[in-house]
Amino acid sequence: MCQKMGGWSVFMSSCAWAILLLALFGDSLASAPEFDPYSVLKVSKHASLTEIKKMYKSLAREWHPDKNKSPGAEDMFIKITKSYEILSNEERRANYDRFGQMDENQNFARPPQGFRQYHDSFYFDESFFHFPRTSRDFTESKHLLHYNQYMNEVLPDSFKRPYLIKITSEWCFTCIHIEPVWKETVLDLEPLGVGIGVVDIGYERQLANHLGAHRTPSILGLVSGKVTFFHYSVVREHLRQFVESLLPQKLVEKVTDSNYLEFLNSWHEENKPRVIMFDIASNVPLLYKLTAFAYKDYVRFGYVDMGLTETSKVVQRFNINTYAPTMLLFKENTEKPADVIQARGMKKQILDEFVSNNRFLLVPRLVNQKLFDELCPVKQFHRRRKYCVLLVTGEGEQFVSVNEAFFDFASSNTKEVLRFAYVDQRQQQPLCDTLLKKDDTTPPQVIILERRSTSGRVLYRTVTGGWNGSDDDKHRLHEQLELLQRDPSYLTHDAMLPELNNEFASMFLIQWMNTAYDYLAQFYFDLLYSNWREMMPVLSLIFSALFILFGTVIIQAFSDSGEEKPAKQKATDSPKTPESSPGPESTSSRPPKKNFVEVTELTDITYMSNLVRLKPGHINVVLILTDASKQVLLRKFAKEVYSFSGSQNLHYSFLNVDKHRQWMDSLMESAPDARSDEEEEVEDSSTNKSDHMGHVLALNGHKKYFCIFRPVFTGEEAERSRFSDEDAATAGPSRTSRSRSSSRQKATTLEIHHKLDRLGLWMERLMEGTLPRHYVSAWPGMDTITPQK
């Protein structure tokens, strides 16, 4: 018995050691690579990304299960795909080269390999002891997404078709339950044009964080770069409705007897063909909506429910067969469809080919640069020349017959190498000026051009004789097009075209409002159904913005109330000056002590430093005054230039013409173009004395030029003074004389005060550099001039 117990204890101890060794070295054994990615792709460890991509494409074509029917083709294709995922990602490739790990975050993102084998054998009835292999089937592996692929391919493609993306992981047991429904949904939606993606949160943690997915399983939709999460039970019908809800609401317009003419005739405003689908169904088919979303920038789509009585007229108008879905495509001619397709089971490939071949009007209007690039592509090869026949026209009744004649000519000349278009001169003025300036012609004109580079270089030639729409014009254009196809050197002019104006740019506000509405609706939906972990960043941002706004309003309110009290107190405490004592000594007209402008006098002492030796780029603004007007003009001058005193390049001075009148006259004589008509008349008269009081000079000492400001007096205050004198005449002789003398002195002071009313506007033009400049050969010297007493 003891021997048996001893044997059993030895066996248990051996098992314990085995379990301990498995626990210690299980992770290292599990991390052993299943295969060597370099060997699978047949590249060296120093191969570049270009070499890896080249070998991947070659091997993927060779081992694709659809082309290679050998038994091991599917497993080999999975190995090739897995190897490319590892080697194309710099981080995962570095982990494999250093540690031999094939999976990102392998040590903590995946359980040991032995337990994984137990999980596979338990759920899929496989043997416990067999060689490791991937648990994904081929249909899911081809939809796997990584971060670079999502950013470079899926995200731009979401503006043409919606994507349905599943977030999963290898140890997500709930994912196993939704797998059958997911496969049925993929088989249902993928043939219609819906993009499918699968993100493994254990391998692509960066992509999962970018999408905002933090739990598995999660299903989300991607349309136009916007991510929307699915919050309902995972049923195929719910997933189909979810994809349909991602599309814009006004993608397909319902057409009836009352609006079908308006729908067809609006091609001119939108510059798009019209497609109408006729079917007996109350709801628009999802395939038709997806096609409309893919070509929303080119074609306008409508839908007619033939089961309604409101559509019987339009069905009878176009003689539609009610037993099969029918699609009519209209261009400029709304009476007859340009193309028709009718089939019971329409496929995505048929619809794409039908719409793609007719996505442009016969003679479209060039409304933006994108349309111009597609209609008139850049020449790539000699055999793929594309010539653009462009009609430069305008809007108005005089151009209607011209445009119709050009359309008739384009209808009868549908060659692959020719593309017809027209442009409105008022909407695309820079383009028309560039094409018409060499020949000096006016619209309407027909121009044949060929694009040579994406930067805008073209070869072109204007059709001789102009374009009036006559038979001779059509015959002449036809001959020149035939000559061009035989001799490409027929295009003799070369030009660089500017970028076209976007004529639909005015609709940006409407588009912005629709986008804002979509985001608000999505936010409301997420607020109801999303978990708080996903909504916390958005809510935190909103509450932070509201807190900052509320705090700003409160602080502003308190600051305003604090400023109103001192202002009211100052208004009540300020003494009132009687009207009988006006003049320059009034304290109310003085500026505050701290708000001052430093103004120096320009004399023979300061002449060299303030003018002749002034630094380059510096300007001295000089006020011309007299002894009598000194106080009034200086106060007004400081008030007008105070807002410009912050500039380091401006200096302020004044010149007394009672002392230096000859310097001002010498300056004006050295620049005759600076004299006004009044000054020339004064110079010709006998007095020969110009009144320079109130003039302002901007002197640039380094470049030897000056700008001059001449005072302008409005005369309103003088008129008031004259009226007051007339009123005073009714008072007695002695009082009248005193009133007239005081009023005349007041009018003179006000007239001098108003000489600098427009100096602020002149200073703004000085800072902008738009004032006329008067150059002198040398500055007149002030020391040689005798001051006048």
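Residues numbered from 1 in each chain as written. Predicted model: local features only at pLDDT ≥ 70, side-chain atom pairs only at ≥ 80, totals over all residues. Heavy atoms only, no water.

Undergrad: Describe a positive patch on the surface, and please don't skip the residues or the numbers.
TA: A cluster of like positive charges, contributed by Lys53, Lys57, Arg61 and Lys67, occupies part of the molecular surface. Within the secondary structure layout, Lys67 lies in the loop between α3 (49–63) and α4 (73–88). (Patch = residues over 30% accessible without salt bridge, like charges linked within 9 Å, V, L, I, M, F, W, Y side chains within 5 Å. Areas by Shrake-Rupley, 256 points an atom, 1.4 Å probe, with all protein chains shown as cover. Salt bridge = Lys/Arg side-chain N within 4 Å of Asp/Glu carboxyl O. Lys, Arg positive; Asp, Glu negative; His and termini not counted. Charge placed at Lys NZ, Arg CZ, Asp CG, Glu CD. Helix = DSSP H or I, 4+ residues; strand = E, 2+ residues; numbered from the N terminus.)

Undergrad: Account for a nonpolar patch on the surface, naming residues and giving values.
TA: Together, Ile542, Phe543 and Leu546 make up an exposed nonpolar region whose accessible area comes to about 300 Å². Take Leu546: it is sitting in helix α23 (residues 532–573).

Undergrad: Account for the environment of Cys376, with residues named and values stated.
TA: Inspection of the secondary structure assignment puts Cys376 in the loop between α18 (369–375) and β10 (387–393). Its relative accessible area of 3% is what places Cys376 among the buried residues. Note: C-alpha distance between Cys376 and Val417 (41 residues apart in sequence) is 10.0 Å. Leaving out residues up to four positions away in the same chain, Cys376 has contacts with Cys388 and Arg451. (Buried < 20%, exposed > 50% of the residue type's maximum accessible area, 1.4 Å probe, protein only. Contact = heavy atoms within 4.5 Å.)

Undergrad: Can you explain the side chain of Ser218? Please cite residues and give values.
TA: Within the fold, Ser218 resides in strand β3 (residues 218–223). Accessibility expressed as a relative area gives 8% for Ser218, which makes it buried. Side-chain polar atoms of Ser218 contact the backbone oxygen of Arg215, separated by 2.7 Å. Non-local contacts of Ser218, meaning those with residues more than four positions away in its chain, are made with Ile165, Lys166, Ile167 and Phe229. (Polar contact = N/O pair within 3.5 Å; in protein donor to acceptor, adjacent residues only side chain to side chain.)

Undergrad: With reference to specific residues and values, describe α3.
TA: The end-to-end C-alpha distance of α3 is 21 Å, a good match for the 21 Å that 15 residues give at a rise of 1.5 Å each. Residues Ile52, Tyr56, Leu59 and Ala60 constitute the buried set of α3. Summarising the axial view, the buried residues of α3 lie within an arc of 105 degrees, below the 170-degree limit, and thus occupy one face. Turned more than 90 degrees away from the buried face of α3 sit Thr50, Lys54 and Arg61, all of them exposed. Buried positions along α3 lie against α2 (37–41), α4 and α5 (90–99). (Expected span 1.5 Å × (residues − 1). Arc of directions from axis to C-beta.)

Undergrad: Can you tell me about the nonpolar core, naming the residues and giving the values?
TA: Core analysis: the largest hydrophobic core is formed by 63 residues, its most contacted members being Leu164, Val252, Tyr288, Phe301, Met327 and Leu435. Here this core takes six residues from helix α15 (residues 286–294), the largest share from any one element. Here Tyr288 is in contact with Val252, Val275, Ile276, Met277, Phe301, Gly302, Tyr303 and Met327, once residues within four sequence places are set aside. By size, the runner-up hydrophobic cluster in this structure holds 26 residues, among which are Leu623, Ala698, Cys707 and Trp762. (Core = buried A, V, L, I, M, F, W, Y, C linked by side-chain atoms within 4.5 Å.)

Undergrad: I'd love a proper account of the packing of helix α19 (residues 400–411) against helix α21 (residues 471–486), names of residues and values included.
TA: As a packed pair, α19 and α21 sit with axes 11 Å apart at the nearest point and diverge in direction by 45 degrees. By the angle between their directions, the pair α19 and α21 is classed as oblique. Relative to α21, α19 is oriented so that their crossing is right-handed. Along the contact surface, α19 presents Ala405, Asp408 and Phe409, while α21 presents Lys474, Leu477, His478 and Leu481. Residues that form the contact of α19 with α21 fall into these classes: four nonpolar, one polar and two charged. (Axes fitted to C-alpha atoms, helices over the stretch in contact; angles between N-to-C directions. Parallel < 35°, antiparallel > 145°, perpendicular 65-115°, else oblique. Left-handed = near helix turned anticlockwise from the far one by under 90°. Nonpolar A, V, L, I, M, F, W, Y, C, P; charged D, E, K, R; others polar.)

Undergrad: How would you explain the side chain of Glu85 if you had to name every residue and give the values?
TA: Mapped onto the fold, Glu85 is located in helix α4. We note that Glu85 is buried and unpaired, the nearest opposite charge coming from Arg92 at a distance of 4.4 Å. In this structure, Glu85 is in contact with Arg92 and Leu144, ignoring residues within four places of it in sequence.

Undergrad: Explain the pairing of strand β17 (residues 650–656) to me, and be specific about the residues and the numbers.
TA: With six of its seven residues buried, β17 lies for the most part within the structure. Sheet topology places strand β15 (residues 599–601) next to β17; three bridges connect them, and they run parallel. By the bridge assignment, Thr600 is partnered in β17 with Ser653. Crossover handedness for the path strand β16 (residues 619–625) to helix α25 (residues 630–641) to β17: right-handed. (Pairing = 2+ DSSP bridges. Right-handed = clockwise from strand over helix to strand, strands pointing away.)

Undergrad: Give a detailed account of the pattern of salt bridges, specifying residues and quantitative values.
TA: When charged atoms on two side chains of opposite charge get close, those side chains can pair. Tallied over the full model, the rule gives 22 salt bridges. Among the ionic pairs, Glu335 bridges to Arg317, the shortest N-O distance being 2.6 Å. On the criterion of sequence distance, the pair formed by Glu335 in the loop between β8 (326–330) and β9 (339–342) and Arg317 in helix α16 (residues 312–317) is long-range, its members being 18 residues apart. Owing to a relative accessible area of 52%, Glu335 belongs among the exposed residues under this scheme. Arg452 is paired through a salt bridge with Glu450; the nearest N and O atoms lie 3.6 Å apart.

Undergrad: With reference to specific residues and values, describe the sheet that holds strand β1 (residues 163–168).
TA: On the basis of which strands lie adjacent, the open sheet formed by four strands has the order β2-β1-β3-β4 and mixed pairing. Sheet topology places β2 (195–200) and β4 (226–229) at the edges, where each strand pairs with a single neighbour. Pairwise comparison of adjacent strand axes, ignoring direction, gives a mean angle of 25 degrees for this sheet. The sheet contact formed by β1 and β3 spans five bridges and is antiparallel. Of the residues in β3, the one forming a bridge with Ile167 is Ser218. Helix α10 (residues 173–189) rests against β1, β2 and β3 of the sheet, and its axis sits at about 160 degrees to β1.

Undergrad: Tell me about empty space enclosed by the protein, and please be specific about residues and values.
TA: Per the stated rule, a full pass over the model turns up one cavity of 30 Å³ or more. The volume enclosed by the largest cavity comes to roughly 80 Å³. Split into classes, the residues belonging to the lining of the largest cavity amount to three nonpolar, one polar and six charged. (1 Å grid on protein atoms, 1.4 Å probe; cavity = no way out; pocket = protein on both sides within 12 Å on 5 of 7 lines; lining within 4 Å. Points joined across faces, edges and corners; volume = space filled by probe spheres on them.)

Undergrad: Describe helix α20 (residues 429–436), naming the residues involved and giving the relevant values.
TA: Buried within α20 are the following residues: Leu431, Cys432, Thr434, Leu435 and Leu436. Those residues of α20 hidden inside the fold are in contact with β10, β11 (418–424), β12 (445–451), β13 (457–462) and β14 (493–496).

Undergrad: With reference to specific residues and values, describe unusual backbone geometry.
TA: For the bond running from Thr216 to Pro217, omega is -5 degrees, close enough to zero to count as cis. With respect to the element layout, Pro217 can be found in the loop between α11 (205–211) and β3. For Asn271, which is not a glycine, the phi torsion comes out positive at approximately 60 degrees. For Asn271, the location among the structural elements is in the loop between α14 (267–270) and β6 (274–279).

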